[in-house]
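Summary of the model geometry
Listed here are the chains, written in short residue letters.
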Amino acid sequence: MSITRDAFVAEVTDPSSSVWVVVFLFRPNCPECETLGKALEELARKHPFAKFVKILGGECIPGYPDRNM
């Protein structure tokens, strides 16, 4: 599930008291991000009681360097 910065609190912070939340910071056109994204999609199918979300790294954390994703 893709989220925006505005939805972060509602989708990540609030539910984290009752369910595990995995947040995937990514950037477009990044081969490593695509590989990790596919692995996380598979994990999400295997773990339906956890919540998996993804968000652009620079949108989630302004100024977050692309090299860290």
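Our structure is the block above this text.
Presented here is a report on the structure given in the accompanying data block. Predicted model only: the values in this text are computed from it and were never measured. (Residues numbered from 1 in each chain as written. Predicted model: local features only at pLDDT ≥ 70, side-chain atom pairs only at ≥ 80, totals over all residues. Heavy atoms only, no water.)

1. Here's the deal with the packing of aromatic side chains
- Under the definition given, this model contains one aromatic pair.
- Over the ring of Phe26 we find Lys54, and its NZ or CZ is 5.0 Å from the ring centre. (Phe/Tyr/Trp six-rings, centres within 6.5 Å; stacked < 30°, edge-to-face > 60°. Lys NZ or Arg CZ within 6 Å of the ring centre and 35° of its normal.)

2. Describing the pattern of salt bridges
- Under the definition given, this model contains two salt bridges.
- The partner of Glu11 in a salt bridge is Lys51, with the nearest N and O atoms 2.6 Å apart. Placement of Glu11 in helix H1 (residues 8-13) and of Lys51 in strand E2 (residues 51-56) is noted, with a sequence separation of 40 residues between them.
- We classify Glu11 as partly exposed; its relative accessible area is 21%. (Salt bridge = Lys/Arg side-chain N within 4 Å of Asp/Glu carboxyl O. Helix = DSSP H or I, 4+ residues; strand = E, 2+ residues; numbered from the N terminus. Buried < 20%, exposed > 50% of the residue type's maximum accessible area, 1.4 Å probe, protein only.)

3. Details of unusual backbone geometry
- Even without being glycine, Asn29 reaches a positive phi, approximately 60°.
- Owing to a relative accessible area of 71%, Asn29 belongs among the exposed residues under this scheme.

4. Notes on the environment of Val53
- Summarising the element assignment, Val53 is placed in strand E2.
- Relative accessible area serves as the criterion here: at 4%, Val53 is assigned to the buried category.
- Note: C-alpha distance between Val53 and Met1 (52 residues apart in sequence) is 4.8 Å.
- Not counting residues within four places of it along the chain, the set of residues in contact with Val53 comprises Met1, Ile3, Val12, Val21, Val22, Val23 and Phe24. (Contact = heavy atoms within 4.5 Å.)

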